[in-house]
Amino acid sequence: MLLGTNLLMAQTEAAATTGGQADAPQVDWTGVAYYLLLFFLVCLGVAVIGKILKIYDLTLKIQGKKGMKWNTVMAVICLVFLIAGLYGAYWSFTVQGSMTLPEAASEHGVKIDEMFTVTTVLTMIVFFITQILLFTFLFNYRHSDKRRAHFLPHNNTIEKVWTIAPAIVLTVLVVFGFFTWQKIMNTTDTKGDINIDITGHQFAWELRYPGKDGVLGPKDFRMVSAANKLGVNFKKRSSFDDLQVDTMYLPVNKSIRLNIQALDVIHSVYMPHFRVQLNAVPGLPTFFKFTPTITTAQMRTQLDDPKFEYLVYCNKICGGGHYNMQKVVRVVTEAEYQAWLSRQKPYLSDALRKELHFAAADQPKTESQNRLALNN
Amino acid sequence: MSTLAVHDHGVAHHDDHGHEHHHNQSFLSKYVFSMDHKMIAKQFLITGITMAVIAMILSILFRIQLAYPDKTFPLLTTLLGRFAPNGRISADFYLSLVTIHGTIMVFFVLTAGLSGTFANLLIPLQVGARDMASPFMNMLSYWFFFLASVVMLSSFLVQKGPASGGWTIYPPLSALPKAMPGSGEGMTLWLISMVMFVASSLMGGINYVSTVLNMRTKGMDLWKMPLTIWALFLTAILGILAFPVLVAGVVLLIFDRSFGTSFYLSDIVLNGVQQPYEGGSPILFQHLFWFLGHPEVYIVIMPAMGISSEVMSVNSRKPIFGYHAMVYSLIGITVLSFIVWGHHMFVTGMNPFLGGVFMITTLIIAVPSAVKTFNWLATLWRGNIRFTPAMLFAIGMVSFFISGGLTGIFLGNAALDINLHDTYFVVAHFHLVMGSAAIFGMLAGVYHWFPKMFGKMMDEKLGYLHFWLTFIGAYLVFFPMHFMGLDGVPRRYYAFTEFVSMQRWLTVNTFITWAAIMAACAQVAFLYNFISSIFIGKKATQNPWESNTLEWTTPVEHLHGNWPGEIPTVYRWPYDYSKPGAEEDYIPQTVPFSQTMSSNLPHDFEDNPKGLEELNKFNSTLKANEQVK
């Protein structure tokens, strides 16, 4: 009954629970005793090193020296940590940073990415300066018997500076962020060129496209049945030509309005490549409007990955199969979109017609009959 | 009032004239149902540590799944039985693990373990009170916490396992017992446990607030209180105001689960069956939850801030820089923390305008946080820093607070949150800022006040080992997670490798798991140090850290009523370290200014014209003497 992801999920679940592990890679885990022994050996090693240090310390004291200067040792380790940590952070930014999402494939996503860059630059300046100060202070001002700390309980001027400076920086980020957010979530211009329903349930996404009339028929959860799993209200004519699809096709550079809903628990429509995310909440229809700007084919070329697909994930914990609620999203040209659309099946299936006591199912429509105008 | 409190619990009587009577105490009344705040502090600490160890083991279990999602471990079946069939943790149990790990860490370790321990230990000792305002209620507070812990853990024994809807237990998942295995009896136990937990927090919080307000010793005005007390006091206020809202939310949830109401439910079809719920809203629960949930973040971090401030001042032998600013920033955080909860809900479908408002309030809270960070740095500047394990953990707290706090600016920005919400970026952020930072604050407190709690010293070298392995381990675990989040890897995914694009993170996940195992092993050094030091540790002196605060004026051996004679009077603030002209580099709060004339400053007598007059006289005499010479 369920489409796409459920099959995939079911396979994984089966593998995890039904004992079909014949081919699953086994780890040669010989038992707790082995690891306990290993652990105790490590502890023994640590203890031996500790004892050696203690003996060394005692030897120094016997020679009339002060013993190991642990304050100095710790201060040096702090400095080493700072240098290694800075290098580690740099390495992470360059290596792991290059593994992050490619450029945004939507209009508003570009704005989000710009803001992300500004925020990253500002915060990283603060990050590096403060961490460097922290650890160099630790090294520079390590304990010495010959010195007394500087008595400085407060300095109003300095305190004003470091209250006002972050306030100004944050004001810039707030203003920038506020207008970007308002633009993305614009509630006055709510209509998109294409109007798509996406409904989450355990554990899959269901898609519904409008038919010729460009209008999605209304839904009512009280009308849900085996054949009408979304509860589309067929008392309204606008529902008759709605289409049920398996893959989300989107024409490039057209504004898309995703009507988001859930049937059972909260799910979340997450399309990271488009910087799109909004929860799917039962009883609370929501929508997200965006314009894809890079086709799947273009992205495949950009990433040099012929198998690349945009995906929609579920990003809100929704049950055991949450981890695999994926659906393919394909951004195509307008012509490809129209061609694809003409091949889609109506939501009003024969089973549903029978259930609703409609007239016998119509003959399949020709492609030309199925061509659709752009939706509202 | 303090005398009354001691008489109330009938253990030992101390009046303010200094005579003591020791009553015989049974094992039960001394160690189990104790009403002495110091013993209750120890009970909170030991229960908190036990819960932390359990939560850590749970995290290692789910990290193994993330590191080796395609492998099976027969041993897991041996250990976990039906929860790990065929050598692999089941998807549902994986969610239970993350849920209970989060719940235990947030509530049972970082709220009760941290506040419960240090508020109980320090409030009476640092403000100069013989005990809490209500020792009996204080004892009840611990026992409600203990029972809440037992109930929470007992959910592992029910057929379908513990709650598995995440520590935020959003309905409908938590309201529909058939929604998933963890929505059944496990969720019921979770809810019962939380109600008991909140009762415990409220009893504790009311005690802390009333003790600070009513039972300070002579001279201890609010501006002479150590920052630990300010932090614990404001934390208690946060808890008192925020936790009841969670209880309200939980009670409505229980109604939805059991009595057919629809507060949080509407238009639901579960497993193809229409449910009879209409008119409710799951978002309502989120508002109620986060009205507690966000202040909770500060309930967790503020005591760590207070402890770290204290420890850093003592060990850098410097006054905490900007004491007043530190207090005002704590007050600012307390107030603002109540009007930022919506930043957890930017992508719920809440009105976008409201999202904009919450974004503004959220980013404002970064200002007092920045003030605190810079003040800590200024406290270290030109200090004479002693690297005790406590000091190292306090430094670690500051480092994590910087790293985690800065990433909060990304998540507080609604537009950026669209892409980062519920990804590993969030996991990295909060584990640094309220997981690692708060735990490090707590550990700093344990190392610093261990001599006060047990009369023994902890081993420093083991402390160093513990610190460095944990500090490096925590960074290795959480730093890479930011990048996973930036690649759009969602949190709480059982087998992320089901997505082709996420498979490249497998090596990183394996690395993170081994870093977590290393950090977990480091805790063995701590546990060994903690337990062995209680029995065979070096005996502590009365004031081993040469600290100024009042708790170090009490005898090493615990005494009901804390001070054998009169409670000392306080004359000065707690941060007179390395004062020019002073003989020692510290001057306890109990030393009158008349004994330290050569180090007194005009600033010390802002509200005391008579003192200032005496100082001026002293200085003139000194000058005259020098001229004669």
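Remember, it's a predicted structure, so these values are computed and weren't measured experimentally.

Within chain A, the secondary structure is distributed over 9 helices and 11 strands. The proportion of buried residues among the 376 residues of chain A is 47%. Restricting to contacts in chain A with at least 6 residues of sequence separation, those with at least 24 account for 71%. Counting only carbon and sulfur atoms, one obtains 63% of the accessible surface of chain A, whose full area is about 18,700 Å².

Next up on the list: empty space enclosed by the protein. Per the counting criterion, the structure on display carries 5 cavities of 30 Å³ or more. The computed volume of the largest cavity comes to approximately 190 Å³. Among the residues making up the lining of the largest cavity, the classes are represented as 8 nonpolar, 10 polar and no charged. Considered class by class, the residues forming the lining of the second largest cavity number 6 nonpolar, 1 polar and 2 charged.

Counting residues at the interface gives 111 residues for chain A, matched by 131 residues for chain B. Note on chain A versus chain B: buried area summed over both sides is about 11,000 Å², and carbon and sulfur give 70% of it. Counting every contact that joins chain A to chain B gives 2 salt bridges. In this structure, Lys316 of chain A and Asp422 of chain B form a salt bridge, with 2.7 Å as the shortest nitrogen-oxygen distance. At the junction of chain A and chain B, the tally comes to 36 residue pairs in polar contact (both at pLDDT 80 or more). Sorting elements by how many residues they give to the side of chain A that touches chain B places helix α4 (residues 107–140) of chain A first, with 15 residues.

With that settled, consider the packing of aromatic side chains. Enumeration over the complete set of coordinates arrives at 88 aromatic pairs over all chains. Seen in terms of ring centroids, Phe274 of chain A and Tyr310 of chain A are 4.5 Å apart; in terms of plane orientation they differ by 45°. Their pairing is tilted. Here Phe274 of chain A, found in the loop between β6 (267–271) and β7 (276–280), pairs with Tyr310 of chain A, found in strand β9 (residues 310–314); they are 36 residues apart in sequence, far enough to count as distant. Each member of the pair Phe274 of chain A and Tyr310 of chain A is classed as buried. Ring geometry for Tyr94 of chain B against Tyr494 of chain B: centres 5.6 Å apart, planes inclined by 65°, an arrangement best described as edge-to-face. One end of the pair, Tyr94 of chain B, is in helix α5 (residues 91–127); the other, Tyr494 of chain B, is in the loop between α16 (460–486) and α17 (506–536), with 400 residues separating them in the sequence. Note on accessibility: Tyr94 of chain B and Tyr494 of chain B belong to one class, buried. Positioned above the aromatic ring of Phe139 of chain A is the side chain of Arg142 of chain A, whose terminal nitrogen or guanidinium carbon lies 4.5 Å from the ring centre. Taking the ring centre of Trp381 of chain B as reference, the NZ or CZ of Arg382 of chain B above it sits at 5.3 Å.

In summary, soluble globular proteins display a tendency toward joint burial of nonpolar side chains. In this structure, Tyr209, Leu258 and Met271 of chain A together with Phe108, Ile301 and Met397 of chain B are the most contacted members of the largest nonpolar core, which totals 298 residues. What Tyr209 of chain A contacts, discounting residues up to four positions off in sequence, is Ile196, Leu216, Asp242, Leu243, Val245, Met248, Tyr249, Leu250, Tyr337, Trp340 and Leu341 of chain A.

All names here are of chain A. Summary statistics for chain A give a mean pLDDT of 87 and a share of 87% for residues scoring 70 or more. Note on residues 1–22: pLDDT is under 50 here. Beyond four places in sequence and across chains, it has 46 contacts. Every residue in residues 360–376 is under pLDDT 50, and counting partners more than four places away or in other chains gives 35 contacts.

Turning our attention to the side chain of Lys456 of chain B. Residue and element names in this part refer to chain B. Along the chain, Lys456 turns up in the loop between α15 (424–454) and α16. Within the buried core, Lys456 has no salt-bridge partner, and the shortest N-O distance to an opposite charge, that of Glu557, equals 8.2 Å. Reaching out from Lys456, the side chain makes a polar contact with the backbone oxygen of Ile534 at a distance of 3.2 Å. A polar contact of 3.4 Å, which involves the side chain of Lys456, links it to the backbone oxygen of Phe535. In this view, Lys456 contacts Phe450, Pro451, Ser533, Ile534, Phe535, Gly537, Lys538, Lys539 and Ala540; residues no more than four positions away in its chain are not counted.

This part takes up helix α6 (residues 135–154) of chain B. Given a rise of 1.5 Å per residue, 20 residues ought to cover 28 Å, and the 29 Å separating the end C-alpha atoms of α6 of chain B matches this to within 8%. For α6 of chain B, the set of buried residues is Pro135, Asn138, Met139, Ser141, Tyr142, Trp143, Phe145, Ala148, Ser149, Val151 and Met152 of chain B.

Another point: the pattern of salt bridges. All names here are of chain A. One pass over the full model with this rule turns up 23 salt bridges over all chains. For the salt bridge of Lys327 with Asp246, the shortest nitrogen-to-oxygen distance reads 3.1 Å. You can see Lys327 sitting in strand β10 (residues 327–332) and its partner Asp246 sitting in the loop between β3 (243–245) and β4 (248–251), a full 81 residues away along the chain. Given the relative accessible area of 4%, Lys327 is considered buried. On the basis of relative accessible area, Asp246 is assigned to the partly exposed category, the value being 37%. It is possible to trace a salt-bridge network through shared partners that takes in Asp197, Arg208, Lys219 and Asp242.

Residue and element names in this part refer to chain A. Judged by pairing direction, the sheet is mixed, and its 6 strands sit side by side in the order β8-β5-β1-β2-β3-β11 without closing on themselves. Edge positions in the sheet fall to β8 (286–290) and β11 (345–346), since each has one partner strand and no second. In this structure, strand β2 (residues 204–209) lies alongside β3, joined through 3 bridges in antiparallel fashion. Counted as the bridge partner of Arg208 is Gln244 from β3.

Let us look at a nonpolar patch on the surface. Residues and elements named next belong to chain A. A surface patch of nonpolar side chains, amounting to about 790 Å² of accessible area, comprises Tyr34, Tyr35, Leu37, Leu38, Leu41, Leu44, Val48 and Ile52. Within the secondary structure, Ile52 sits in helix α2 (residues 32–62). Of the residues examined, Ile52 reaches a relative accessible area of 53% and is grouped as exposed.

All names here are of chain A. The 5 strands are arranged β4-β10-β9-β6-β7 in an open sheet whose pairing can be described as mixed. The sheet is open, and its two edges are formed by β4 and β7, each paired on a single side. This sheet shows a mean twist of 20° between the axes of neighbouring strands, independent of strand direction. Judged from the 4 bridges that link them, β4 and β10 form a sheet pairing that is parallel. Opposite Leu250, over in β10, you have Val331 as the bridge partner.

With an omega of 0°, the peptide bond between Gln202 of chain A and Phe203 of chain A qualifies as cis. In this fold, Phe203 of chain A is placed in the loop between β1 (194–201) and β2. A positive phi is found at Asn271 of chain B, a non-glycine position, where the angle reads about 50°. In this structure, Asn271 of chain B sits in the loop between β3 (269–270) and β4 (273–274). Non-glycine residue Arg492 of chain B carries a positive phi angle of around 60°. Along the chain, Arg492 of chain B turns up in the loop between α16 and α17. With a relative accessible area of 11%, Arg492 of chain B lands in the buried category.

Cut-off values and rules
- Residues numbered from 1 in each chain as written.
- Chains lettered and ligands numbered in written order.
- Predicted model: local features only at pLDDT ≥ 70, side-chain atom pairs only at ≥ 80, totals over all residues.
- Heavy atoms only, no water.
- Helix = DSSP H or I, 4+ residues; strand = E, 2+ residues; numbered from the N terminus.
- Buried < 20%, exposed > 50% of the residue type's maximum accessible area, 1.4 Å probe, protein only.
- Contact = heavy atoms within 4.5 Å.
- Areas by Shrake-Rupley, 256 points an atom, 1.4 Å probe, with all protein chains shown as cover.
- 1 Å grid on protein atoms, 1.4 Å probe; cavity = no way out; pocket = protein on both sides within 12 Å on 5 of 7 lines; lining within 4 Å.
- Points joined across faces, edges and corners; volume = space filled by probe spheres on them.
- Nonpolar A, V, L, I, M, F, W, Y, C, P; charged D, E, K, R; others polar.
- Buried area = accessible area lost by both parts, 1.4 Å probe.
- Salt bridge = Lys/Arg side-chain N within 4 Å of Asp/Glu carboxyl O.
- Polar contact = N/O pair within 3.5 Å; in protein donor to acceptor, adjacent residues only side chain to side chain.
- Phe/Tyr/Trp six-rings, centres within 6.5 Å; stacked < 30°, edge-to-face > 60°.
- Lys NZ or Arg CZ within 6 Å of the ring centre and 35° of its normal.
- Core = buried A, V, L, I, M, F, W, Y, C linked by side-chain atoms within 4.5 Å.
- pLDDT = per-residue confidence, 0-100.
- Lys, Arg positive; Asp, Glu negative; His and termini not counted.
- Expected span 1.5 Å × (residues − 1).
- Pairing = 2+ DSSP bridges.
- Patch = residues over 30% accessible without salt bridge, like charges linked within 9 Å, V, L, I, M, F, W, Y side chains within 5 Å.
- Axes fitted to C-alpha atoms, helices over the stretch in contact; angles between N-to-C directions.

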